[in-house]
Amino acid sequence: MKNITIPTKTLETIIEGLESAINVCYNVDSNDEDSEKSYPYAVGYSRSAMKMIQEQLKSLNGLI
């Protein structure tokens, strides 16, 4: 297994993206269907955050 060095800002951005997606999921209100607290919003937001993180991690692959 190879070790890589990740820029601090990249790591912070990845962590912030995960924290934000987790918070959106925790704040879901099952009675709210049309806002940022709805299940569809939380799913879309989380999917977007995961895709962003995936792209950031893939870009780090070039550093190996």
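Bear in mind that the values here come from a model prediction, so they are computed numbers and not experimental data.

Cut-offs used in this document
Residues numbered from 1 in each chain as written. Predicted model: local features only at pLDDT ≥ 70, side-chain atom pairs only at ≥ 80, totals over all residues. Heavy atoms only, no water. Helix = DSSP H or I, 4+ residues; strand = E, 2+ residues; numbered from the N terminus. Buried < 20%, exposed > 50% of the residue type's maximum accessible area, 1.4 Å probe, protein only. Polar contact = N/O pair within 3.5 Å; in protein donor to acceptor, adjacent residues only side chain to side chain. Contact = heavy atoms within 4.5 Å. Axes fitted to C-alpha atoms, helices over the stretch in contact; angles between N-to-C directions. Parallel < 35°, antiparallel > 145°, perpendicular 65-115°, else oblique. Left-handed = near helix turned anticlockwise from the far one by under 90°. Nonpolar A, V, L, I, M, F, W, Y, C, P; charged D, E, K, R; others polar.

Undergrad: An account of the side chain of Ser38 is needed here, citing residue identities and associated values.
TA: On the secondary structure map, Ser38 appears in the loop between helix H1 (8-26) and helix H2 (39-60). Ser38 sits in the buried class, given a relative accessible area of 4%. At 3.0 Å, the side chain of Ser38 and the backbone oxygen of Ser35 are in polar contact. In this structure the side chain of Ser38 is engaged in a polar contact, spanning 3.3 Å, whose partner is the backbone nitrogen of Tyr41. When near neighbours in sequence (up to four residues on either side) are disregarded, Ser38 contacts Val28, Asp32 and Glu33.

Undergrad: Provide a residue-level description of the packing of H1 against H2, including the pertinent values.
TA: Remark: H1 packs on H2, axes separated minimally by 9 Å, with the N-to-C direction vectors making an angle of 165 degrees. What the angle tells us is that H1 and H2 run roughly antiparallel. Taken as a pair, H1 and H2 cross one another with a handedness that is left-handed. Seen from H1, the contacting residues are Thr10, Thr13, Ile14, Gly17, Leu18, Ser20, Ala21, Val24 and Cys25; seen from H2, they are Tyr41, Ala42, Tyr45, Ser46, Ala49, Met52, Ile53, Gln56, Leu57 and Leu60. Counted by class, the contact of H1 with H2 contains 13 nonpolar, six polar and no charged residues.

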